[in-house]
Amino acid sequence: MDSQQPIEMPIHSDGTAPEPSVEETQQHAGEILCREFKAPEEVVVRGKSVFLAGSIEMGKARNWQEELKNKLLNVPCTIINPRRVDFGGDWVQEMSDPKLYQQVTWELDWLNNVDVIAMNFERDTKAPISLLELGLYAATGKMVVCCPVGFYRRGNVQIVCQRYGIPIFTELPDMVGEVVHRLTH
């Protein structure tokens, strides 16, 4: 198979492609280069894929996922974004909550199946789930991390990254080059 052609991986068990509300972020000569799927949409992977892990904490973290997506517009890839459009904040922290269960399992499924995990810690957030995910996926070889000076657990993040050979950057724009490299090689 020619490695230059996009690969589609439908999610439906019958092999058909879903028709989610996909944001197709860039077109070039009629061909879509970069597609973004947000939780809990069904995803069709075309080319290599990147999961945007890291601080969300509605109201505390800036929408850094949008910034990173804008830097990937000309890269043939699929972006998996856990930031929900319909997050209501009324979820119960019990696995019996259907919205919580759907979100967590969607994230874990895609963290397991993407090519790259781009993790960004925002300075004024706690990001306990992101710290958990860093521990879960540190040894996979998929991770690229951004952790700014002043993040309350920066030292822990640095040590984990050093131990597992994970590239770590202090600013989001500095991380972009490594993400692009991994998506194009």
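Our structure is the block above this text.
Quick caveat: nothing in here was measured; it's all calculated off a predicted structure.

Asks: Can you walk me through a nonpolar patch on the surface in this structure?
Replies: A contiguous nonpolar patch, built from Val104, Leu108, Ile129, Leu132 and Leu136 and spanning about 430 Å² of accessible area, is present on the exposed surface. Mapping Ile129 onto the fold places it in helix 3 (residues 128–137).

Asks: What am I meant to see in helix 1 (residues 64–71) here?
Replies: Given 3.6 residues to a turn, an α-helix orients residues that are three or four positions apart in the same direction. The set of residues buried in helix 1 consists of Trp64, Gln65, Leu68 and Lys69. Seen from one end, helix 1 has its buried residues packed into an arc of 140 degrees, which puts them on one side.

Asks: For this particular structure, what's the right way to read empty space enclosed by the protein?
Replies: Take a probe with the size of a water molecule and roll it over the atoms, and the empty space left behind shows itself. Within this structure, the stated rule accounts for 1 cavity of 30 Å³ or more. If you add up the space inside the largest cavity, you get close to 30 Å³. In this structure, the largest cavity is lined by Glu67, Leu68, Lys71, Leu172, Pro173 and Val176. Going through the elements one at a time, helix 1 and helix 5 (172–184) are the ones with two or more residues in the lining of the largest cavity. Classifying every residue of the lining of the largest cavity by side-chain character gives 4 nonpolar, no polar and 2 charged.

Asks: Help me out: how do you make sense of the pattern of salt bridges in this one?
Replies: When charged atoms on two side chains of opposite charge get close, those side chains can pair. Counted under the stated rule, the structure contains 6 salt bridges. Between Arg62 and Glu67 there is a salt bridge whose closest N-O contact spans 2.3 Å. Exposure remark for Glu67: the relative accessible area of 35% places this residue in the partly exposed category. Note that Glu122 and Arg62 form a salt bridge whose closest N and O atoms lie 2.8 Å from each other. Highlighted residues: Glu122 in the loop between strand 7 (116–120) and helix 3 and Arg62 in the loop between strand 5 (48–54) and helix 1, separated in sequence by 60 residues. On the basis of relative accessible area, Glu122 is assigned to the buried category, the value being 10%.

Definitions and limits used
- Residues numbered from 1 in each chain as written.
- Predicted model: local features only at pLDDT ≥ 70, side-chain atom pairs only at ≥ 80, totals over all residues.
- Heavy atoms only, no water.
- Patch = residues over 30% accessible without salt bridge, like charges linked within 9 Å, V, L, I, M, F, W, Y side chains within 5 Å.
- Areas by Shrake-Rupley, 256 points an atom, 1.4 Å probe, with all protein chains shown as cover.
- Salt bridge = Lys/Arg side-chain N within 4 Å of Asp/Glu carboxyl O.
- Helix = DSSP H or I, 4+ residues; strand = E, 2+ residues; numbered from the N terminus.
- Buried < 20%, exposed > 50% of the residue type's maximum accessible area, 1.4 Å probe, protein only.
- Arc of directions from axis to C-beta.
- 1 Å grid on protein atoms, 1.4 Å probe; cavity = no way out; pocket = protein on both sides within 12 Å on 5 of 7 lines; lining within 4 Å.
- Points joined across faces, edges and corners; volume = space filled by probe spheres on them.
- Nonpolar A, V, L, I, M, F, W, Y, C, P; charged D, E, K, R; others polar.

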